[in-house]
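As a plain string of letters, each chain reads:
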Amino acid sequence: SQQGEEDPQALSIQEGENATMNCSYKTSINNLQWYRQNSGRGLVHLILIRSNEREKHSGRLRVTLDTSKKSSSLLITASRAADTASYFCATDPSSSGNTGKLIFGQGTTLQVKP
Amino acid sequence: NAGVMQNPRHLVRRRGQEARLRCSPMKGHSHVYWYRQLPEEGLKFMVYLQKENIIDESGMPKERFSAEFPKEGPSILRIQQVVRGDSAAYFCASSSERVKNIQYFGAGTRLSVL
């Protein structure tokens, strides 16, 4: 089964609203990352949070990590139509020996309506 | 070379043919990862290579699939005797030795098997 599972699977909001996506995982991790994928494109790295961090900010992005619950959330504030994309969480499992191998979730498809 | 280059972007093959997918990592990156993405799903790890070495191929199907990253030239993902179920987007990512955690993705190769 998937290491990371995002919810919701799909999210539709109005421009200016905040979007929150959640990710749960199963095994212990070195870090957790969020990636964005525009339709038909490759993935773009957004933010990385290490296992000993609880919260991280980058521009309009805020990521939290709760290792006791094995979950993370990605908050996009003041959303824009250009934020429309699929968002994936990816974990770097501790068991992989820090090889950089990533385990991706199924993704959340975000639609921001103008 | 601004980023990870994959070619071709689209590849059409008939059942039983061979598919060869190429990936040139970012300049200075010595780690290459291949992922497969089925429609409406997240990326599934296939293989992790360094120059001339396969480090982790735990995600590779046992038959028909092989990967290499020679000393000179791009990394190649080879699929022999393709079947319809091989139709997917194949993404390559690269990372540096210093920061293995963060991977930079190519735009992907979309393989269609007729």
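First, a word on scope: everything that follows refers to the structure included in this document. All values derive from a computational prediction rather than experimental measurement.

### Description of the overall build of chain B
Then step 1. Of the regular secondary structure elements, chain B holds 0 helices and 11 strands.
Then step 2. Its helices and strands in sequence order give chain B the pattern β-β-β-β-β-β-β-β-β-β-β, from N to C terminus.
Then step 3. With respect to the three principal axes, the spread of C-alpha positions in chain B is 40 × 25 × 25 Å.
Then step 4. Of all 114 residues assigned to chain B, the portion counted as buried reaches 46%.

### Re the sheet that holds strand 3 (residues 19-24) of chain A
All names here are of chain A.
Then step 1. With antiparallel pairing, 5 strands are arranged side by side in an open sheet as 1-3-8-7-6. Because the sheet does not close on itself, it has two edges, and the strands there are strand 1 (5-7) and strand 6 (55-58). Between one strand axis and the next, the sheet turns by 20° as a mean value, whatever way the strands run.

### Concerning the packing of aromatic side chains
Centre-to-centre distance and the angle between the planes together describe a pair of aromatic rings.
Then step 1. Applying the stated criterion across every chain yields a total of 7 aromatic pairs over all chains.
Then step 2. Taking the centre distance of 5.5 Å and the plane angle of 80° together, the rings of Tyr35(A) and Phe105(B) count as edge-to-face. Note that Tyr35(A) is positioned in strand 4 (residues 29-37) and Phe105(B) in strand 10 (residues 104-105), a pairing that runs across two chains.
Then step 3. Taking the centre distance of 4.6 Å and the plane angle of 5° together, the rings of Tyr33(B) and Tyr48(B) count as stacked. With a gap of 15 residues between them, Tyr33(B) in strand 4 (residues 31-37) and Tyr48(B) in strand 5 (residues 43-50) connect regions that are remote in the sequence. The same class applies to Tyr33(B) and to Tyr48(B), which are both buried.
Then step 4. Through successive ring pairs, a cluster of aromatic residues spans Tyr35(A), Phe104(A), Tyr35(B), Phe45(B) and Phe105(B).

### Comments concerning the sheet that holds strand 3 (residues 19-24) of chain B
All names here are of chain B.
Then step 1. In spatial order, the strands read 1-3-8-7; together these 4 strands make up an open sheet with antiparallel pairing. This sheet does not close on itself; its edge strands, each paired only once, are strand 1 (5-7) and strand 7 (65-68). Between one strand axis and the next, the sheet turns by 15° as a mean value, whatever way the strands run.
Then step 2. Relative to strand 8 (residues 75-79), strand 3 runs antiparallel, the two being bridged by 5 bridges. Across the sheet, the residue bridging to Arg22 is Ile76, located in strand 8.

How each quantity is defined
Residues numbered from 1 in each chain as written. Chains lettered and ligands numbered in written order. Predicted model: local features only at pLDDT ≥ 70, side-chain atom pairs only at ≥ 80, totals over all residues. Heavy atoms only, no water. Helix = DSSP H or I, 4+ residues; strand = E, 2+ residues; numbered from the N terminus. Buried < 20%, exposed > 50% of the residue type's maximum accessible area, 1.4 Å probe, protein only. Pairing = 2+ DSSP bridges. Axes fitted to C-alpha atoms, helices over the stretch in contact; angles between N-to-C directions. Phe/Tyr/Trp six-rings, centres within 6.5 Å; stacked < 30°, edge-to-face > 60°.

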